[in-house]
Amino acid sequence: MDVASLTPRLLLGPGPSPVSDRILRAMSRPTLGHLDPQFLAILDEVNEGLRELFGTRNRTTFPVSGTGSAGMEAALVNLLEPGDKAIVGVKGVFGTRLAEMSRRMGAEVITVEGEWGRPLDPDLLVATHREHPDARLLALVHAETSTGVRQPLDRVGAHLQESGTLFVVDAVTSLAGIPIEVDAVGIDVCYAGTQKCLGVPPGLAPITFSPRAVERVRSRTVPVASWYLDITLIAGYLGSERRYHHTAPINLVYALHEALREVREERLEARFRRHAEIGARLQAALAERGFRPYAGPENARLPQLTAVHLPHDRAEGPLRSALLEEHGIEVGGGLGPAQGKIWRIGLMGDGARQSSVDRLLGAIDNLLREEEAA
Ligand SMILES: *Cc1c(COP(=O)(O)O)cnc(C)c1O
């Protein structure tokens, strides 16, 4: 195989999303050293851009070297010590992953479980915290990519600010697609990924720690179990000392820098509107064709990730394969209890365009017509 001969696909799955030519070009710029003043200037600009995107003034804001799951692990491993209590909302794959990671770090995990495809009741989360006011953290997934559900955060954020419990939010699929306001909501640690609504290849996990979260890490009694993800060590590189910790993924940082420029040029508000409008159009067009939404209620459906049952509950696999093989379009299948039952269609970043919707609907109509004729 030769990578030069790979067939491009239209990436309309749950990530990675399409990467613009502009970002691919930025990535192909000469690799510099991680201590080169030119690169450090780029990295500083990236961290400043991420603060804007997260809606935060947190000093400790940077891209973790690793995918979204590395961001998740960085959040938990820095905050949790063995024996700590962690309250985790679970109603999909990524909440399940948060709970599993917390357990591996020796935490006592209290899960608040809900039906897949529905948001968790904020009152139930607050009530659970009242039963466990000594919990170290409460973690929620904002945009649950396995189900297409948006989780409300405001009430829990306001409640936790009055307590000693830190609020951890997974914004992997939210960042740059739907509003996420870290400081206004009262989020202590928020992490994301680059390959969803930012349209950068996978490999970086933007993350931000509030001053009280940083204080918590400083006052731990046992060292952070992960040397690689320890933010007190990484701070030595990000700060004025510029002490080597690990080699930054230089060319990926270029890509993120370019994506942040794209966001600034488009303006964040306009970008959110684009995601909202394009997602709504796809959802309406699929309903006309007999696809049934998996996520609900309507106001909890994410525009950037549409989860649907196929018409007449037909098998989803063959049609999904035909989309890829015959039309070059990738969509995702279901996970967990929804495996084999749904499609997950991502309209993220550069994929959130009318042209994506048109191409996908054209291909679906074509395949369904061929089937009827057969
Ligand atoms: C994609 C995703 C992750 C994991 O990110 P990876 O880049 O696959 O490691 C975590 N949480 C959510 C909500 C996601 O959508």
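Described below are features of the structure shown in this document. Within every chain, residues take consecutive numbers counted from 1 along the sequence as written. Per-residue local features are limited, in this predicted model, to residues with pLDDT of at least 70; the limit for side-chain atom pairs, both in listing and counting, is 80 or more; totals at the level of whole chains, interfaces and linings are taken over all residues. Heavy atoms from the whole structure form the basis of all side-chain values; hydrogens and water molecules are not counted.

1. Some remarks on the pairing of strand 2 (residues 60–65)
Cut-off, in case you're wondering: Relative accessibility under 20% of the residue-type maximum defines a buried residue, over 50% an exposed one, and the middle range a partly exposed one, all with a 1.4 Å probe and only protein chains included. What counts as a helix is a DSSP run of H or I of at least four residues, what counts as a strand is a run of E of at least two, and both are numbered from the N terminus. At least two DSSP bridges between two strands are required for those strands to pair.
Within strand 2, six of the six residues are buried, which leaves the element mostly enclosed by the surrounding structure. Of the pairings in the sheet, the one linking strand 2 to strand 10 (residues 204–209) comprises six bridges and is antiparallel in character. Counterpart to T61 in the pairing with strand 10 is T208.

2. Overview of the sheet that holds strand 15 (residues 342–346)
Ordered in space as 11-12-15-14, the four strands form an open sheet in which the pairing is antiparallel. Unpaired on one side and paired on the other, strand 11 (292–293) and strand 14 (332–333) mark the two borders of the sheet. As paired elements, strand 11 and strand 12 (residues 305–309) share two bridges and run antiparallel to each other. Counted as the bridge partner of R292 is H309 from strand 12.

3. Thoughts on the packing of aromatic side chains
Using the following cut-off: Each pair of aromatic rings taken from Phe, Tyr and Trp, with Trp reduced to its six-membered ring, is defined by centres within 6.5 Å and is described as stacked if the planes are under 30 degrees apart, edge-to-face if over 60, and tilted in the remaining cases.
Per the counting criterion, the structure on display carries two aromatic pairs. Here the aromatic rings of F291 and W343 are separated by 5.9 Å at their centres, their planes lie at 40 degrees, and the arrangement is tilted. Taken together, the positions of F291 in the loop between helix 11 (268–288) and strand 11 and W343 in strand 15 put the pair 52 residues apart, joining distant regions of the chain. Given a relative accessible area of 3%, F291 falls into the buried group.

4. Looking at helix 2 (residues 37–54)
Our working definition: In a helix, the anticipated span is given by 1.5 Å times the number of residues less one. Two N or O atoms form a polar contact when they lie within 3.5 Å of each other; inside protein one atom must be a possible hydrogen donor and the other a possible acceptor, and for residues adjacent in sequence the pair counts only when both atoms belong to side chains.
If you check helix 2, its first and last C-alpha atoms are 26 Å apart, about what 18 residues at 1.5 Å a residue would give, namely 26 Å. Along helix 2, the positions that sit buried rather than exposed are F39, L40, L43, V46, N47, G49, L50, R51, L53 and F54. Put simply, D36 is the residue that caps the front of helix 2, since its side-chain oxygen is 2.8 Å from the backbone nitrogen of Q38. In the stretch just after helix 2, G55 is the one whose phi turns positive, near 65 degrees.

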